[in-house]
Amino acid sequence: GFFQSYAVEVDVKDASNATCLYAKWMMRFSIKYETNSSDYKNATLNLSSSVTHNGSVCGNDTQAALLAVQFGEGHSWSINFTKTNETYQGDFITFTYNTNDTAVFPDAKRKGPITIVVKGTMHPVQLNNVFVCHNTASFEAENVTQIFWNVTVQAFVQNGTISKKESRCRADTPTSAPTVPPTIANVTTASTTTLSPAPTTAPKPVENPDTGNYSLKSGNKTCLLATVGLQLNVSQDKPLLININPKTTIADGTCGNTTATLKLNDGNSTLIGF
């Protein structure tokens, strides 16, 4: 990925060096945070001059595709895509901002990375179509407004070639394009569904999850080790229990001087980050 006028472009390649996931878009974030004096301020976070896309995944019939970018002082953003026989869609966005970035949060009371998840962010798009949306869209959750415009994205690219067939968002017309970058004042917030806490009356699991051993290395040394059995209790129309199978789960992530991140992908569209 690279930075150009607040735009980022990511071209993910598969093992044969063919494009499997492509995206180009512009985004910014408005974040309400608590200060040391216990009042609240609004901060604006833009993409920095250095953007990477470590951890992006092509995806296939059984594994979700993942578009992930990292920027600035410990900030990251990602969206996962799943597909059916005819369509693909973005299932959820994960955004992590780091209040240790004093240039953006000079007086934040809470220090360190904060992660939010927004679900149901993109309607289904026909396979082998590229999704295009020039107009602004936004998603609001947990004191964060994520704003996007000039979006072009195609997941599960076929034969390494970006499609010439376009699926436009409802706000667009074939000739429409924004003339100025959006501001908080002129953005219409889309209704979204956020992940909710599991209900206290959820049914007991039928079986316990298998215990997995997950580890990360820094060079030739193990820097993070987790031995854990994982079961997710998700509130939807009715409670959904998901056991994470260690035999099909891939561990990824990074180790730093003060923080470490463990990412687990079970190959069935379930992504978990610690």
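For the structure itself, look to the data block above.
Note that this is a predicted model, so its numbers are computed, not measured. Just so you know, the residues in each chain are numbered from 1, in the order the chain's sequence is written. Per-residue local features of the predicted model are confined to residues with pLDDT of at least 70, and side-chain atom pairs are confined, for both listing and counting, to 80 or more; whole-chain, interface and lining totals are unaffected and use all residues. Excluded from the side-chain calculations are hydrogens and water; all other atoms, namely the structure's heavy atoms, are used.

Caption draft 1: Quick look at the packing of aromatic side chains. Paired rings are identified among Phe, Tyr and Trp, the last through its six-membered ring, by centres lying within 6.5 Å, and are further divided according to the angle between planes into stacked (under 30 degrees), edge-to-face (over 60) and tilted (the rest). Enumeration according to the criterion identifies 9 aromatic pairs in this entry. With a centroid separation of 4.0 Å and an interplanar angle of 5 degrees, the aromatic rings of F29 and F95 are classed as stacked. With a gap of 66 residues between them, F29 in strand β3 (residues 19–34) and F95 in strand β8 (residues 87–98) connect regions that are remote in the sequence. Across the pair, exposure class does not vary: F29 and F95 are buried alike. Here W77 and F148 contribute two aromatic rings whose centre-to-centre distance is 5.7 Å and whose plane-to-plane angle is 50 degrees, an arrangement assigned as tilted. One end of the pair, W77, is in strand β7 (residues 75–83); the other, F148, is in strand β13 (residues 144–155), and 71 residues separate them in sequence. According to the relative accessible area criterion, F148 is buried, its value standing at 8%. Each residue in the set F29, Y33, F71, F95, Y97 and F105 is aromatic and connected to the rest through ring pairs, giving one cluster. Any Lys NZ or Arg CZ that is within 6 Å of a ring centre and within 35 degrees of that ring's normal is treated as a charge sitting over the ring. Here the basic side chain of K32 rests over the ring of Y40, its NZ or CZ set 5.5 Å away from the ring centre. Note on conventions: DSSP H or I runs of at least 4 residues are helices, E runs of at least 2 residues are strands, and numbering of each starts at the N terminus. Exposure categories follow from relative accessible area, calculated using a 1.4 Å probe and restricted to protein chains: below 20% of the type maximum is buried, above 50% is exposed, and the middle band is partly exposed.

Caption draft 2: Structural context of the sheet that holds strand β20 (residues 250–255). Spatial ordering of the open sheet is given by β20-β21-β22, a layout of 3 strands whose pairing is antiparallel. A strand with exactly one partner marks an edge of an open sheet, and here the two such strands are β20 and β22 (271–273). Geometrically, the sheet is characterised by an average inter-axis angle of 15 degrees between neighbouring strands, direction not taken into account. Across 3 bridges, strand β21 (residues 260–265) lies against β22 in antiparallel orientation. Along β22, the bridge assignment pairs L264 with I272. DSSP bridges decide pairing: two strands pair if at least two such bridges lie between them. The convention used is that axes are lines fitted to C-alpha atoms, helices contributing only their stretch in contact, and that angles between N-to-C directions extend from 0 to 180 degrees.

Caption draft 3: The arrangement of the environment of L67 in detail. Inspection of the secondary structure assignment puts L67 in strand β6 (residues 65–71). Look at L67 and you get buried, because its relative accessible area is 3%. The spatial distance from the C-alpha of L67 to the C-alpha of D11 is 9.6 Å, given a sequence separation of 56 residues.

Caption draft 4: The pattern of salt bridges, seen in detail. What makes a salt bridge here is a side-chain nitrogen of Lys or Arg within 4 Å of a carboxyl oxygen of Asp or Glu, nothing more. Going through the model one piece at a time under the given rule, you end up with 6 salt bridges. When the shortest N-O distance is used, the salt bridge between D172 and R168 registers 3.4 Å. Judged by relative accessible area, D172 falls into the buried class, the value being 9%. Overall, R168 belongs to the partly exposed group, its relative accessible area being 29%. Through salt bridges with shared partners, a single ionic network connects E166, R168 and D172.

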